[in-house]
Amino acid sequence: MRSRTSYITDCLGIAPSSSSFSIRKSITTMSPANYSVPLYTTSNGCPVRDPNAMLKMGKFGPTLLQDHHLIDLIAHFDRERIPERVAHAKGSGAHGYLEVTDDVSDIVSADFLNGIGKKTPLFLRFSTVGGEKGTADSARDPRGFAIKFYTQEGVIDWVNINSPIFFIRNGVQFPYLVHTQKARDPKTNLKDPNMFWDFLLNNPESVHNTMFVFSDRGTPFSYRHMHGYSAHTYKWVNKEGKFHYVQVHLLTDQGIKNLNNEEAHALEADDPDHAGRDLYESIEGGEYPSWTIYIQTMTAEQAEQADFSVFDLTKTWPQKEYPLRRVAKLVLDRNPENYFAEVEQSAFSPANTVPGIEPSADPVLQARLFSYADTQRYRLGPNFNQLPVNRPLQAYCPFQRDGPGRTDGNYGAVPNYPSSFEPLNYRADASNNEAHEKWVGEATSFHWGATEKDYEQPRIFWELFKNTGQQDAFIHNVTENVKATRPDVQKRVLELFSKINPEISELMSHSLETKAKRT
Ligand code: HEM
């Protein structure tokens, strides 16, 4: 049997005769107290004498290939980076819980939302959308608000955003949106305000969300001081199998607080990680941020009567007609121990759901159902659901086997197909809900283009800006951005806003002229 000393020598690739004395000495001189400190090893567990040493031919000669510590260390370092998220690359996260405050059993059967006082652990990741992983938290941009609930019935993710609406209502357009709003010009690799506005102008239904992003709500002071919204319509089904269309609102208990355009720009330079720092420090200091969760609901009959489509992501549901109903409280009370393991490896998907909560036919949501796990198989590998942050409290899917990065027992000897041999290896949930799942139609290529109707809610939004004194900030924020575009793009921006209200384009035109004179 090898002695401990010779094993170490083997690992270091050092001939026993040359160095056994000093190795033996370093082991024998370790005081008992030192043994409580972890012994540094290679990744296969072999003790390493000096993490700063390299194995050489003489002190200043070439390095030997048998220096396993060096190769083990550098080869792993070479693979430290994983692809950043294709959108929402910059983010911060925290753990917490959801506590049910109100009875909504008439709307939803999902176990985690039933029973006043019931608590469910969760992980939440906030993000900006357009920036790369190292960009500033205070950019004018939507904010992601993704929540993973670890329920008794599996993991459900609410992959929300800080606006009740979104830019597009045709799922196919998401790559175009991201290419123009986030990505860079294919030749210059520079951000291009012309393509940014060109996309929005070609798809005028985006103007409602554009107005949101160019209000001061487009630059929240911190992640703690903003609301979250499902934006999409979901279907919530109760125990009787009856469903309601539902929109979720998470209203901040800290109050809304925004940055103005100039404050946001200053923070981009002075403290690009401002929102992540604010979240981390408030939780570390025992100041736990919370949100109150509400829903808006609609029956199928009400949806048929509504003068907008519930599947149109560019529209809000008027709260006068569809009032908010309180459901639960969400609290963040624990920072991650390790950013990469918990935040970077977290993988949210609107397709992750539990019985009682279903997607609607919203075409953007339908495209999202495919996209998230698809990108995560690429970003994290096919076994990403076994990573601790993504792992459900319990799951049993022995027909998914093997694959790179398998970290569990791979279901041992359990059959890898639905076997009929005793003992049976699975039982299936027999419940079935066909409510509103019967569709009759013809396969149709359909572009849900903009009409006059798409300017109605933006018109109401403008009146709200005026009534709350936000119109100057809005005009300033838009023209600060638009002034960098080509004259023909500026003209098209003014034409678009004049369709909402001529007063907007007059104010913008004046603001652009004033800014041009100053430069
Ligand atoms: C067809 C439309 C959309 C597609 C194809 C899409 C696709 C994606 C993809 C591929 C990611 C990166 C996921 C990852 O790497 O783990 C992502 C992130 C995200 N998306 Fe979407 N998205 C769409 C629309 C939306 C909408 C409408 C919302 C909000 C209502 C939204 C909210 C988010 C959030 C919050 C994240 C960040 C998740 C995290 O923190 O890891 N997305 N999206």
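Residues numbered from 1 in each chain as written. Predicted model: local features only at pLDDT ≥ 70, side-chain atom pairs only at ≥ 80, totals over all residues. Heavy atoms only, no water.

Engineer: Would you explain the UniProt feature "binding site: heme" (unreviewed entry) in the protein chain in this entry?
Structural biologist: With numbering aligned to this structure, UniProt lists the feature "binding site: heme" (unreviewed entry) at Tyr 372. Once residues lying within four places of it in the same chain are set aside, the contact partners of Tyr 372 are Val 159, Phe 348, Ser 349 and Pro 350. (UniProt positions renumbered as here; feature names shortened; annotations may be inferred. Contact = heavy atoms within 4.5 Å.)

Engineer: I keep staring at the coordination of the iron atom of the ligand and nothing clicks. Help me out?
Structural biologist: Note on metal geometry: ideal angles are 109.5 degrees for four donors arranged tetrahedrally and 90 or 180 degrees for six donors arranged octahedrally. Coordination of the iron atom of the ligand by the protein comes from a single atom, Tyr 372 (OH), at 1.8 Å. Here Tyr 372 shows up in helix α11 (residues 363-379). (Donors = N, O, S within 2.8 Å, 3.2 Å for Na, K, Ca; no water. Helix = DSSP H or I, 4+ residues; strand = E, 2+ residues; numbered from the N terminus.)

Engineer: What should I look at first to understand the UniProt feature "domain: Catalase core" (unreviewed entry) in the protein chain in this one?
Structural biologist: Mapped onto the present numbering, the UniProt feature "domain: Catalase core" (unreviewed entry) falls at residues 41-425. Helix makes up 22% of residues 41-425 and strand 19%, and the two end C-alpha atoms of the span are 41 Å apart.

Engineer: What should I look at first to understand the site of the ligand in this one?
Structural biologist: Among the 26 residues in the neighbourhood of the ligand, the closest are listed as Arg 85, Arg 125, Tyr 372, Gln 376 and Arg 379. Residue His 88 places a side-chain N or O atom 3.2 Å away from a nitrogen atom belonging to the ligand. A distance of 2.9 Å separates an oxygen atom of the ligand from a polar side-chain atom of Gln 376. Counting only elements with at least two residues in the shell around the ligand, the list comes to β3 (143-151), β4 (154-161) and α11. In terms of residues, the shell around the ligand owes the most to one element, α11, which gives eight residues. (Near = heavy atom within 4 Å. Polar contact = N/O pair within 3.5 Å; in protein donor to acceptor, adjacent residues only side chain to side chain.)

Engineer: Explain a nonpolar patch on the surface to me, please; I cannot follow it from the model alone.
Structural biologist: A surface patch of nonpolar side chains, about 260 Å² in accessible area, is lined by Tyr 40, Leu 73 and Ile 74. The residue Ile 74 is located in helix α3 (residues 68-77) in this model. Classification of Ile 74 by relative accessible area gives partly exposed; the value is 41%. (Patch = residues over 30% accessible without salt bridge, like charges linked within 9 Å, V, L, I, M, F, W, Y side chains within 5 Å. Areas by Shrake-Rupley, 256 points an atom, 1.4 Å probe, with all protein chains shown as cover. Salt bridge = Lys/Arg side-chain N within 4 Å of Asp/Glu carboxyl O. Buried < 20%, exposed > 50% of the residue type's maximum accessible area, 1.4 Å probe, protein only.)

Engineer: Where do I start with the nonpolar core in this structure?
Structural biologist: As a rule of thumb, soluble globular proteins bury nonpolar side chains together. Phe 112, Trp 158, Trp 236 and Leu 332 are the most contacted members of the largest nonpolar core, which totals 37 residues. Broken down by element, this core gets its largest block of residues, four residues, from strand β9 (residues 325-334). Excluding residues that lie within four positions of it along the chain, Trp 236 makes contacts with Ile 107, Val 108, Leu 113, Trp 158, Lys 242, Phe 243, His 244, Val 246, Val 248, Ile 295, Gly 356 and Ile 357. Within the second largest apolar cluster, 34 residues are counted, among which are Phe 167, Met 211, Val 364 and Leu 512. (Core = buried A, V, L, I, M, F, W, Y, C linked by side-chain atoms within 4.5 Å.)

Engineer: Can you walk me through the packing of aromatic side chains in this structure?
Structural biologist: Each aromatic ring pair is summarised here by two numbers: the centre-to-centre distance and the angle between the ring planes. Here the structure, examined in full by the defined rule, presents 24 aromatic pairs. Measuring from ring centre to ring centre gives 5.6 Å for Phe 196 and Trp 197, while their planes differ by 75 degrees; the resulting arrangement is edge-to-face. Assigned by exposure class, Phe 196 and Trp 197 land together as buried. Members of the aromatic cluster, joined through ring pairs, are Phe 461, Trp 462, Phe 465, Phe 474 and Phe 497. Taking the ring centre of Tyr 97 as reference, the NZ or CZ of Lys 119 above it sits at 4.5 Å. Across from the ring centre of Phe 221, 4.0 Å away, lies the NZ or CZ of Lys 257, which sits over that ring. (Phe/Tyr/Trp six-rings, centres within 6.5 Å; stacked < 30°, edge-to-face > 60°. Lys NZ or Arg CZ within 6 Å of the ring centre and 35° of its normal.)

Engineer: Looking at this model, I keep getting lost on the packing of helix α13 (residues 471-482) against helix α15 (residues 502-518). Mind explaining?
Structural biologist: The relative placement of two packed helices is expressed as an angle between their axes plus a distance between the axes. Where α13 contacts α15, the two axes come as close as 9 Å, and the packing angle between them is 55 degrees. Considered as vectors, α13 and α15 are oriented oblique to each other. Handedness of the α13/α15 crossing: right-handed. Two secondary-structure elements touch here, α13 through Phe 474, Ile 475, His 476, Val 478, Thr 479, Glu 480 and Val 482 and α15 through Ile 504, Leu 507, Met 508, Ser 511, Leu 512 and Lys 515. (Axes fitted to C-alpha atoms, helices over the stretch in contact; angles between N-to-C directions. Parallel < 35°, antiparallel > 145°, perpendicular 65-115°, else oblique. Left-handed = near helix turned anticlockwise from the far one by under 90°.)

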